[in-house]
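# Tertiary structure, described
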Amino acid sequence: MDTSLLSKRVKVMPESATLQMAQMARDLKEQGKDVINMSLGEPDFGTPEDIKDAAKKALDDGYTKYTPVPGLPLLREAIVNKLKRDNNLDYNINQIVVTNGAKQAIANVCLAMLDPGDEVVLFAPYWVSYDSIIKIADGVPVEVYAGIEQDFKVNARQLRDAITDKTKLILFSSPSNPTGSVYTYEEYEELAKVLKDFPNVHIISDEIYEYINFSANHTSLASFDFLKDRVIIINGMSKGFAMTGWRIGYMAANEAIAKSCVKIQGQFTSAANSISQVAAAYALDHGIYPEMSEKFNARRKVFIKLLKEIPGFKVNEPLGAFYLFPDISYYFGKSNGVDTITDSVSFAEILLKNALVATVPGKPFGAPDCLRFSYATSIEIIEEAASRVKTCLKEFNIKKL
Ligand code: PMP
Ligand code: GLU
């Protein structure tokens, strides 16, 4: 086909870098290569057995039909209860929309709220899909960058400076993908104070890593009363319950926003999968599965220590999610005589080719000096990966261009 016939929208859109790297790793594996895949942000655990049993029962109970567009009432009630139990937040079921993964929840909100030219303040480093989703909705991402020296966390002054008359939304995640950083209560307070001065700005708070948080507490910006009506909470089952393939996310917002997202979803996808919805309700009623988070924390500690031992890597100690995001710019311009590392993209390619370790370059996350490693894998594999990376980079460390 003549690809010039494709829409401008799709022509300028990059492929999701996370999914692209994951596919490259899968392809190499299929060719028989012993690839360690640290690219995809996906728990290595299977979904807990009791959640799978709830899905089997849902099938037997006849949950095989379209559900209401915003989701089954039993799931929306479970979400309302979860928000009260875990976050001390009051919502009613009309404020909840269940989606095909958190990704669709973010897309619904952007499509529901953005007009051409509206600005979205994007805390960088950011998850790759935020930027594309904003653009699909004709919005303009305005990046605010927080580097490793500030633990990748945007401060109040930076936020204030980024807001203009055109700002419609703020979009960020804590715990963060790709950095793992977690905002403290005090840091939230500072951000909330700024947002108080901009009553027309709404905030998308992506809390999908809520349960993978090794600090004492998870805070939602919605817990500041004066902001609650303007905060759109995004969450989902993929990470905390190891349910990536089930495709259940959700959002909680004021009724007007929730209703308009239902309108969009009704035209695009009708509703999320009925069987997954029943299983998700079971999982949320059951509550946290702490074994997974404990394992992630043990792996985190091992991986931080190992990455810090690699010459030239700048490594911080994030308290959430399952990512490390070292600054690897020390290697830019260095060669092993065959390959030259020019940027984070070539760095990731060389690691994949020479060390058979798949990662994701920092560039599509808005952080061209960094590289994302997902440590959602066993300690043995983490040790092997770190050793391969170190060995591969030794050659680049010695020979300068
Ligand atoms: N937000 C963040 C920060 C993520 O890392 C992901 C990972 N996929 C998502 C949203 C989307 O999750 P899902 O669509 O699987 O619910
Ligand atoms: N969110 C995960 C990641 O960042 C899964 C892949 C995706 O949807 O981007 O790797």
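Refer to the structure above for everything that follows.
Description of the structure in this document. (Residues numbered from 1 in each chain as written. Chains lettered and ligands numbered in written order. Predicted model: local features only at pLDDT ≥ 70, side-chain atom pairs only at ≥ 80, totals over all residues. Heavy atoms only, no water.)

## Description of the overall build of the protein chain
Per the secondary structure count, the protein chain includes 13 helices and 14 strands. By the compact-globule yardstick of 21 Å for 401 residues, the protein chain fits well, its C-alpha radius of gyration being 21 Å. Taken over the C-alpha atoms alone, the protein chain extends approximately 60 × 55 × 55 Å along its principal axes. The buried share of the protein chain, reckoned over its 401 residues, is 57%. Excluding contacts between residues fewer than 6 apart, the proportion of contacts in the protein chain whose partners are at least 24 apart in sequence is 74%. Carbon and sulfur atoms form 52% of the exposed surface of the protein chain, whose accessible area is close to 17,300 Å². Counting 45 positive and 50 negative side-chain charges, the protein chain places the averaged centre of each group 2 Å from the other. (Helix = DSSP H or I, 4+ residues; strand = E, 2+ residues; numbered from the N terminus. Rg over C-alpha atoms; globule rule 2.2 N^0.38 Å. Buried < 20%, exposed > 50% of the residue type's maximum accessible area, 1.4 Å probe, protein only. Contact = heavy atoms within 4.5 Å. Areas by Shrake-Rupley, 256 points an atom, 1.4 Å probe, with all protein chains shown as cover. Lys, Arg positive; Asp, Glu negative; His and termini not counted. Charge placed at Lys NZ, Arg CZ, Asp CG, Glu CD.)

## A short note on the packing of helix α5 (residues 101-113) against helix α6 (residues 128-136)
Put simply, α5 and α6 touch, their axes get as near as 9 Å, and they point 30° apart. Seen from above, α5 lies across α6 with right-handed handedness. Where α5 abuts α6, its residues K103, I106, A107 and C110 lie against S129, Y130, I133 and I134. Its residues assigned to classes, the contact of α5 with α6 comprises 6 nonpolar, 1 polar and 1 charged. (Axes fitted to C-alpha atoms, helices over the stretch in contact; angles between N-to-C directions. Left-handed = near helix turned anticlockwise from the far one by under 90°. Nonpolar A, V, L, I, M, F, W, Y, C, P; charged D, E, K, R; others polar.)

## A word on the sheet that holds strand β6 (residues 202-206)
Ordered in space as β2-β8-β7-β6-β5-β3-β4, the 7 strands form an open sheet in which the pairing is mixed. The sheet is open, and its two borders are formed by β2 (96-99) and β4 (140-145), each paired with just one other strand. Averaged over all pairs of adjacent strands, the angle between strand axes in this sheet comes to 20°, irrespective of strand direction. Taken strand by strand, helix α9 (residues 255-268) contacts β2, β6, β7 (231-236) and β8 (249-252), and its axis lies near 30° from that of β2. (Pairing = 2+ DSSP bridges.)

## A short note on the side chain of N213
Take N213: it is sitting in the loop between β6 and β7. A distance of 3.2 Å separates a polar atom in the side chain of N213 from the backbone oxygen of N217. When residues no more than four places from it in sequence are discounted, the contact partners of N213 are P175, V182, H218, S293, L319 and G320. (Polar contact = N/O pair within 3.5 Å; in protein donor to acceptor, adjacent residues only side chain to side chain.)

## Regarding the nonpolar core
Within the largest apolar cluster, 134 residues are counted, with the highest numbers of intra-cluster contacts made by L159, L221, I232, M251 and F313. Element by element, the count of residues in this core is highest for helix α13 (residues 379-398), at 7 residues. Leave out the neighbours within four places in its chain, and L221 touches F172, Y188, A192, L195, I203, E207, L227 and V231. (Core = buried A, V, L, I, M, F, W, Y, C linked by side-chain atoms within 4.5 Å.)

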